[in-house]
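Spelled out, the chains give:
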Amino acid sequence: MKVLWITNALLPDALAHLTKEKAESNSTGSWIVALSEALRNNQNIELFIASATPLVEKLSVFNVNNITYYAIPKVCHVMQYSKKYENYMTQIKEQVRPDVVHIHGTERPFGLSYVRACGNQHVVASIQGMPSVIADYYLAGLSKYDCLSNMSFHDLVMRNNPISVKRKMQKCGQYEVELISEINHVMGRTTWDKAHCYSINTKINYHHCDETLRLPFYDGQWHYDKCDKNTIFVSQASYPLKGFHILLKALPIVIKQIPDLKVVVAGHNVTKIESIKDYFKIHSYGFFLKNEIKKRQLGKYIYFTGSLNADQMKEQMLQANVFVSCSSIENSPNSLGEAQILGLPCVASNVGGVMDFIPSEKCGLMYRFEDYAMLAYQIVRAIQNSKTFDNTEMVYSAKKRHDYNTILHQLLITYEKVSKNE
């Protein structure tokens, strides 16, 4: 079976081939890398991967580790559509003659160029984020005043403030709706994405296929005795959708009950202004967070880790007392899955597909996204109960949901059905 993947970014092996630099370690790669490795070693699958990149000036074809890559010249921003891609897709289809075309993600219009040029025959798209829905939640409660009064020099020049990003996402959402309306098959993994796919196309064939986690998280176990007590770990705070500003509202309430609280945030410090260079680089949301932290006198409680690879992220989770996901919307947050499979007590906003990850309090505590008082209450509960928290069911559910062999089996069954137009 010939399988053509259409991805929004180059895989590490293809990137290494074009740049002549060492490929990124698989331990820090995404789930898509692990699946590509499984398929390239499957004797019944011939895998081709098409991606756009500024590293080539014409369509380039090369084989690395038993995968044939089609590198397409990048002609526009990833959130824009260009008809030029349609000609490349036609060439690739004629050369490959695929039995299955798998579009990885509907959140960017790149995959739509294949369907517009080549039709929907034997095409399946997998859902990652859904901008047609997510755009409505992107600002996460921030007002127009919040966005404009905290406008940074960078965002003013680049026209990249939260409001403009929301508009770009809405445009991507229009392309997504067209794609899902035109194809016959889609792969998803939560009740939320299934509901929204059917709301767009009631006749679409929905195939359930979970996602693997990064490899280091399948080994290791959180223990209360080894963690840093009263420490919260947050995996993302760089843009409004992740809801870090809601957590900031909750923290003063938590601190009244847990004075030695510490909040560890993965990633670079988005609020940092220690030099002229920092001032010109900071984004509007970082400005907003900086002002909120100062207003609430939270500076001494918050620590940014800097960029983390998978092993470092795992270590931070094992050291934490509780993991918090405070997003305004999520489909299936991998960071939550990573925390759960390690056994770390979790608190998460009840949004999108999160309810499939936390069917009961044995798998975590939930709250309504904007209700910061309830968030504070659940954080205190999670920390106070962490010493006796029985994570057996949570770990079992996460291991079952993210099982590598099961997911590969789900994927291959889907490919068989799509190839036969079932």
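About the criteria used
- Residues numbered from 1 in each chain as written.
- Predicted model: local features only at pLDDT ≥ 70, side-chain atom pairs only at ≥ 80, totals over all residues.
- Heavy atoms only, no water.
- Salt bridge = Lys/Arg side-chain N within 4 Å of Asp/Glu carboxyl O.
- Helix = DSSP H or I, 4+ residues; strand = E, 2+ residues; numbered from the N terminus.
- Buried < 20%, exposed > 50% of the residue type's maximum accessible area, 1.4 Å probe, protein only.
- Pairing = 2+ DSSP bridges.
- Right-handed = clockwise from strand over helix to strand, strands pointing away.
- Axes fitted to C-alpha atoms, helices over the stretch in contact; angles between N-to-C directions.
- Contact = heavy atoms within 4.5 Å.
- Patch = residues over 30% accessible without salt bridge, like charges linked within 9 Å, V, L, I, M, F, W, Y side chains within 5 Å.
- Areas by Shrake-Rupley, 256 points an atom, 1.4 Å probe, with all protein chains shown as cover.
- Parallel < 35°, antiparallel > 145°, perpendicular 65-115°, else oblique.
- Left-handed = near helix turned anticlockwise from the far one by under 90°.
- Nonpolar A, V, L, I, M, F, W, Y, C, P; charged D, E, K, R; others polar.
- Phe/Tyr/Trp six-rings, centres within 6.5 Å; stacked < 30°, edge-to-face > 60°.
- Lys NZ or Arg CZ within 6 Å of the ring centre and 35° of its normal.

(A) Broad picture of the pattern of salt bridges. As enumerated under the stated definition, the model contains 12 salt bridges in all. Note that Arg189 and Glu211 form a salt bridge whose closest N and O atoms lie 3.4 Å from each other. Placement of Arg189 in the loop between strand S7 (185–188) and helix H9 (191–200) and of Glu211 in the loop between strand S8 (205–208) and strand S9 (231–234) is noted, with a sequence separation of 22 residues between them. You'll find Arg189 and Glu211 in the same group, each marked buried. Here Arg214 and Glu338 are joined by a salt bridge, their closest N and O atoms 3.0 Å apart. Of this pair, Arg214 sits in the loop between S8 and S9 while Glu338 sits in helix H14 (residues 334–342), and the two are 124 residues apart along the sequence. Here Arg214 and Glu338 have matching classes, each one buried. Shared partners join several salt bridges into a network, and the residues in it are Glu292, Lys295 and Arg296.

(B) Here's a closer look at the pairing of strand S12 (residues 322–325). In S12, alternate side chains face the same way, and those of Val322 and Val324 on one face and Phe323 and Ser325 on the other are all buried. Where S9 and S12 come together, two bridges link them in parallel fashion. Bridge pairing in S12 places Phe233 opposite Phe323. Note: S12 against strand S13 (residues 346–349), three bridges, orientation parallel. Paired with Ser325 across the strands is Ala348, a residue of S13. After leaving S12, the chain enters H14 and then returns to the sheet as S13, a path that is right-handed.

(C) The arrangement of the sheet that holds strand S14 (residues 365–367) in detail. In space, the six strands of this open sheet follow the order S11-S10-S9-S12-S13-S14, with parallel pairing throughout. Looking along the sheet, the strands with just one partner apiece sit at the ends: strand S11 (302–304) and S14. Across the sheet, the mean angle separating the axes of adjacent strands is 25 degrees when strand polarity is ignored. The sheet contact formed by strand S10 (residues 262–265) and S11 spans three bridges and is parallel. Pairing of Val265 across the sheet is with Phe304, part of S11. Here helix H10 (residues 244–257) sits on the sheet and contacts S9, S10 and S11; the angle it forms with S10, its principal contact strand, is near 170 degrees.

(D) Just the sheet that holds strand S6 (residues 123–126), in detail. Taken in spatial order, the eight strands make up an open sheet running S3-S4-S2-S1-S5-S6-S7-S8, and their pairing is mixed. The outermost strands of the open sheet, each flanked by one partner alone, are strand S3 (60–64) and S8. Within the sheet, the average angular offset between the axes of one strand and its neighbour, ignoring direction, is 25 degrees. In the sheet, S6 pairs with S7 via three bridges, with the strands oriented parallel. Counterpart to Ser126 in the pairing with S7 is Met187. Along the sheet, helix H3 (residues 84–96) contacts strand S1 (2–6), strand S2 (46–53), S3 and strand S4 (67–73); its crossing angle with S4, the most-contacted strand, is approximately 160 degrees.

(E) Main features of a nonpolar patch on the surface. Taken together, the side chains of Phe153, Leu156, Val157, Met158, Ile276, Tyr279 and Phe280 present a nonpolar region at the surface, about 740 Å² in accessible area. Elements that contribute at least two residues to the nonpolar patch include exactly helix H7 (153–158) and helix H11 (276–281). Here the nonpolar patch gets four residues from one element, more than from any other, and that element is H7. Along the chain, Phe153 turns up in helix H7.

(F) Structural context of the packing of helix H2 (residues 31–40) against helix H18 (residues 404–419). Where H2 contacts H18, the axes come no closer than 11 Å and their chain directions differ by 65 degrees. As judged from the angle between their axes, H2 and H18 are roughly perpendicular. Of the two elements, H2 crosses H18, and the hand of that crossing is right-handed. Contacts between H2 and H18 involve Ala34, Leu35, Ala38 and Leu39 from the former and Tyr404, Ile407, Leu408, Leu411, Leu412 and Tyr415 from the latter. For the contact of H2 with H18, the class distribution of residues is 10 nonpolar, no polar and no charged.

(G) How the structure looks around the packing of aromatic side chains. Tallied over the entire structure, the rule returns 11 aromatic pairs. Ring geometry for Phe153 versus Phe280: centroids 4.8 Å apart, planes at 75 degrees, classification edge-to-face. Placement of Phe153 in helix H7 and of Phe280 in helix H11 is noted, with a sequence separation of 127 residues between them. Exposure remark for Phe280: the relative accessible area of 40% places this residue in the partly exposed category. Ring pairing ties together the aromatic residues Phe153, Tyr279, Phe280 and Phe287, which thus form one cluster. A cation over an aromatic ring shows up here: Lys229 above the ring of Tyr224, its NZ or CZ 4.7 Å from the ring centre.

(H) Molecular detail of the environment of Cys326. By the secondary structure assignment, Cys326 is in the loop between S12 and H14. You can call Cys326 buried: its relative accessible area is 2%. Remark: the alpha-carbon pair of Cys326 and Lys229, spanning 97 residues in sequence, is separated by 20 Å. With sequence-adjacent residues up to four places away left out, Cys326 is seen in contact with Lys242, Gly243, Phe244, Leu247, Ser349, Tyr367 and Phe369.

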